[in-house]
Amino acid sequence: MQTASTNICERMGRSQELSEFKRGTVIGCHLCNKSIQEISLLLNIPLSTVSGIITKWKQLGTTATQPRSGRPCKMTDRGQRMLKHTVHRSHKLSAESIAKHRQASCGLQIITITLRRELHEMGFHGQAAASKHYITKCKAKHQMQWRSGLEQWRPERYLPDCIVQSVKF
């Protein structure tokens, strides 16, 4: 048996939840008139957890986990898959147009900020297209002439002989 001074983190991680069986075992021990300290040492569970399980059982009559607080997610897994498919199919659509399309097709009203957040979590980030210089026919002709001039470039013609001999191109 471990002593009560054992580090709690060694016994049970902070974010772990006890299984239904262990919670039932705690209630069974409580019904057998065991104290909270005895249950804690017997099952290797912190005192506060044992106390919380017993209190919850007395108030609610169950040890099952209750729904968490907070607003439920607007997008379901299926909705996220549909959104991903829509973005892959037509990646140039804006978030506003996707939101309007979803409202028309599914009847699901979702605001643009939520839609953008979901897209960011999926790995899609809107970016402005890179600006490219407009090349006229005249500029293209000059570039081609310049490139063809580079093909005829020889280092011997422009560099001193001592440099050309030391550096092999």
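Our subject is the structure listed above.
Residues numbered from 1 in each chain as written. Predicted model: local features only at pLDDT ≥ 70, side-chain atom pairs only at ≥ 80, totals over all residues. Heavy atoms only, no water.

S.K.: Describe the layout of surface pockets, listing the residues and the values that go with them.
M.R.: Put simply, the largest pocket is a space of about 380 Å³. If you go around the largest pocket, you meet 15 residues; those closest to its centre are His-91, Leu-93, His-125, Gly-126 and Gln-127. Looking at the lining of the largest pocket, the elements with two or more residues in it are helix H6 (95-106) and helix H7 (112-122). Here the lining of the largest pocket gets three residues from one element, more than from any other, and that element is H7. The residue makeup of the lining of the largest pocket, split by class, is six nonpolar, seven polar and two charged. (1 Å grid on protein atoms, 1.4 Å probe; cavity = no way out; pocket = protein on both sides within 12 Å on 5 of 7 lines; lining within 4 Å. Points joined across faces, edges and corners; volume = space filled by probe spheres on them. Helix = DSSP H or I, 4+ residues; strand = E, 2+ residues; numbered from the N terminus. Nonpolar A, V, L, I, M, F, W, Y, C, P; charged D, E, K, R; others polar.)

S.K.: Can you break down helix H4 (residues 47-60) residue by residue, with the values?
M.R.: Taking 1.5 Å of rise per residue, 14 residues should cover 20 Å, and H4 covers 20 Å from first to last C-alpha, within 8% of that figure. Of all the positions in H4, only Val-50, Ile-53 and Ile-54 are classed as buried. For H4, the arc enclosing every buried residue in end-on projection is 95 degrees, short of the 170-degree limit, so these residues lie on one face. Facing away from the buried surface of H4 by more than 90 degrees, the exposed residues are Ser-48 and Gln-59. Where H4 is buried, its residues meet helix H2 (20-31) and helix H3 (36-43). A positive backbone phi angle near 80 degrees is found at Gly-61, which sits one or two residues after H4. (Expected span 1.5 Å × (residues − 1). Buried < 20%, exposed > 50% of the residue type's maximum accessible area, 1.4 Å probe, protein only. Arc of directions from axis to C-beta. Contact = heavy atoms within 4.5 Å.)

In short, the description is geometric, and any link to function would need to be established separately.
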